[in-house]
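# Structural features, examined
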Amino acid sequence: MQRKKKFFDPPKILVLGFAIIILIGALLLTLPSSTTDGKGLSFLNGLFTATSATCVTGLVVVDTGTTFTIFGQLVILFLIQVGGLGFMTFATLFAFLLGKRISLKERILLQESLNNLSMEGIVRLARRILIFTAVIEFVGALILAIRFSFDMPLGRAIYFGIFHSISNFNNAGFDLMGEFHSLTSYVDDPTVTLTVCALITLGGIGFIVMNEVFEFRKSKRLSLHSKVVIMTSLFLLAVGTIGIFFLELTNEKTLKPLSLNGKVLGSLFQSVTARTAGANTLNIGDLTHTSLLLIIFLMFIGASPGSTGGGIKTTTFTTLIGAVWSQIRGKEDVIFYRQRIVYETIYKALTVTVSGLFLVMITTFILTITEQGKDFLMILFESTSAFATVGLSMGLTPELSSVGRGVIIFAMFAGRVGPLTIAFAVTMRRNPDLFRYPKGKIMIG
């Protein structure tokens, strides 16, 4: 029995599942039918692209719109959808279609994949997630297709609408616009900007929160988790939008030439997309250093638990801020909405944050060696973007050396599956200590 339990290790299965999906995607992208030149990608570039798509990052070493055939683009789109929802949610979809019963082991894996607190109602939640995803992506694709139809043939507009809706709802940031331009030509277009912002926000807020909001009319209440996620997300959105607006207001290369409408939309979009989406309507390389530092901060925090996004998550950030504020005020407990946050949650938040900082620092350190001559801020930006599975880039990714690409591949993979496995590891049932050591005192600060 012990051996069986050891084999069924959810973190290992989640990591292995993601790795297998990435490897299959990489092999498919190396096929001649995947690229327009008929040669296929090299294995390293295929692995990089497949990792970026499956980990819903969006960093690219080749231009998606001009390099890949329809087949190659569909492979990327499939990897984005599987990576965004989680392969266990996707496996559950096939189980539903085949009329197969979800076993206890599959429910446990589904719970960990969705980062849910309880296994109760997990299958019903998975079904809701699939419905939410289908409806949101369909509506987003319809709106974008109608708008794109004014700029391109109808068939192409429909295809572009579907691709960009799935990509942005899953917070991936891949685009088909060509020449690494992303959505910069639509910076002052309210239809494209607001639709993509809505897709990114809905994908990044978390399916648990989405489900509670959906049921709010019936239950008339939100959990503490949902309240914290919503308030933190609104706060970060406001800070990012206002900060970028004023920091870029006089920048000739970004906001200054735009109308007031364009300035507001550009600032809003860049604030939203910094929370792990990766699309951009402003040229990232032209932003001021202060704006780039603000975006690095937003990227590191990222989206919310149980979402398609990455980062340390909004709840982690708020928990740590709450702990610091309680210490400053001389309070023993961290209180949110008249509820006490247990110490285990605070330790978990600290573990995830320190692990994330360590990964970004190590990635940055190695890249400063392998990519000598590159600007340090550019390297730090790229490292944070990879860890937080954002996909925003100052232009360094296509110029990375082979070793540098390998480092970013690892950072994207660790950033996607690392927080999940760490979160599971620190919440696993621990054996109680048989004894406790005497208290020791060290000086802090």
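Residues numbered from 1 in each chain as written. Predicted model: local features only at pLDDT ≥ 70, side-chain atom pairs only at ≥ 80, totals over all residues. Heavy atoms only, no water.

Turning our attention to the pattern of salt bridges. When their charged atoms lie close together, side chains carrying opposite charge are able to pair. Throughout the structure, instances matching the rule amount to five salt bridges. Between Asp189 and Arg147 there is a salt bridge; the shortest N-O distance is 2.6 Å. A residue pair is termed long-range when its members are at least 10 positions apart, and Asp189 in the loop between helix H9 (154-169) and helix H10 (190-205) and Arg147 in helix H8 (residues 122-148) qualify at 42 residues. Comparing Asp189 with Arg147, the two get one shared label, buried. (Salt bridge = Lys/Arg side-chain N within 4 Å of Asp/Glu carboxyl O. Helix = DSSP H or I, 4+ residues; strand = E, 2+ residues; numbered from the N terminus. Buried < 20%, exposed > 50% of the residue type's maximum accessible area, 1.4 Å probe, protein only.)

One pass over the structure, following the stated rule, counts nine aromatic pairs. Ring geometry for Tyr159 against Phe163: centres 6.5 Å apart, planes inclined by 55°, an arrangement best described as tilted. Separated by four residues within a single helix, Tyr159 and Phe163 lie in helix H9, roughly one turn from each other. A relative accessible area of 18% places Tyr159 in the buried class. Of the aromatic side chains, those joined through ring pairs into one cluster are Phe148, Tyr159, Phe160, Phe163 and Tyr186. (Phe/Tyr/Trp six-rings, centres within 6.5 Å; stacked < 30°, edge-to-face > 60°.)

Predicted confidence across the chain gives a mean pLDDT of 87, with 86% of residues reaching 70 or more. Counting interchain partners and residues more than four positions distant, the pLDDT-below-50 stretch residues 1-7 has one contact. (pLDDT = per-residue confidence, 0-100. Contact = heavy atoms within 4.5 Å.)

Between helix H3 (residues 43-54) and helix H5 (residues 70-85), whose axes approach to 7 Å, the crossing angle comes to 40°. If you check the angle between H3 and H5, you find them oblique. Only Ile76, Leu79, Ile80 and Gly83 of H5 make contact with H3, whose side of the interface consists of Thr49, Ala50, Ala53 and Thr54. (Axes fitted to C-alpha atoms, helices over the stretch in contact; angles between N-to-C directions. Parallel < 35°, antiparallel > 145°, perpendicular 65-115°, else oblique.)

Next up on the list: helix H18 (residues 376-387). Helix length check: H18, at 12 residues, gives a terminal C-alpha distance of 17 Å against a target of 16 Å (1.5 Å per residue), a fit within 8%. In terms of burial, H18 is a largely internal element, 10 of the 12 residues being buried. By the N-cap criterion, in which a side-chain oxygen at the helix start approaches the backbone nitrogen of a residue two or three places on, H18 is capped by Asp375, the distance to Leu377 being 3.2 Å. Just beyond H18, the residue with positive phi is Thr389, at close to 50°. (Expected span 1.5 Å × (residues − 1). Polar contact = N/O pair within 3.5 Å; in protein donor to acceptor, adjacent residues only side chain to side chain.)

As a further point, take H9. Taking 1.5 Å per residue, 16 residues should reach 22 Å; H9 reaches 22 Å between its end C-alpha atoms and fits that length. Where H9 is concerned, the buried positions are Ala157, Tyr159, Phe160, Gly161, Phe163, His164, Ser165, Ile166, Ser167, Asn168 and Phe169. Directly beyond the C-terminal end of H9, a positive phi value near 60° is found at Asn171.

Right, let's talk about unusual backbone geometry for a bit. Trans peptide bonds make up most of the peptide bonds, and negative phi angles are found at most residues other than glycine. For Asn171, which is not a glycine, the phi torsion comes out positive at approximately 60°. Look at Asn171 and you get buried, because its relative accessible area is 0%. The phi dihedral of Phe180 is positive, around 60°, even though this residue is not glycine. The exposure class assigned to Phe180 is partly exposed, which follows from its relative accessible area of 45%.

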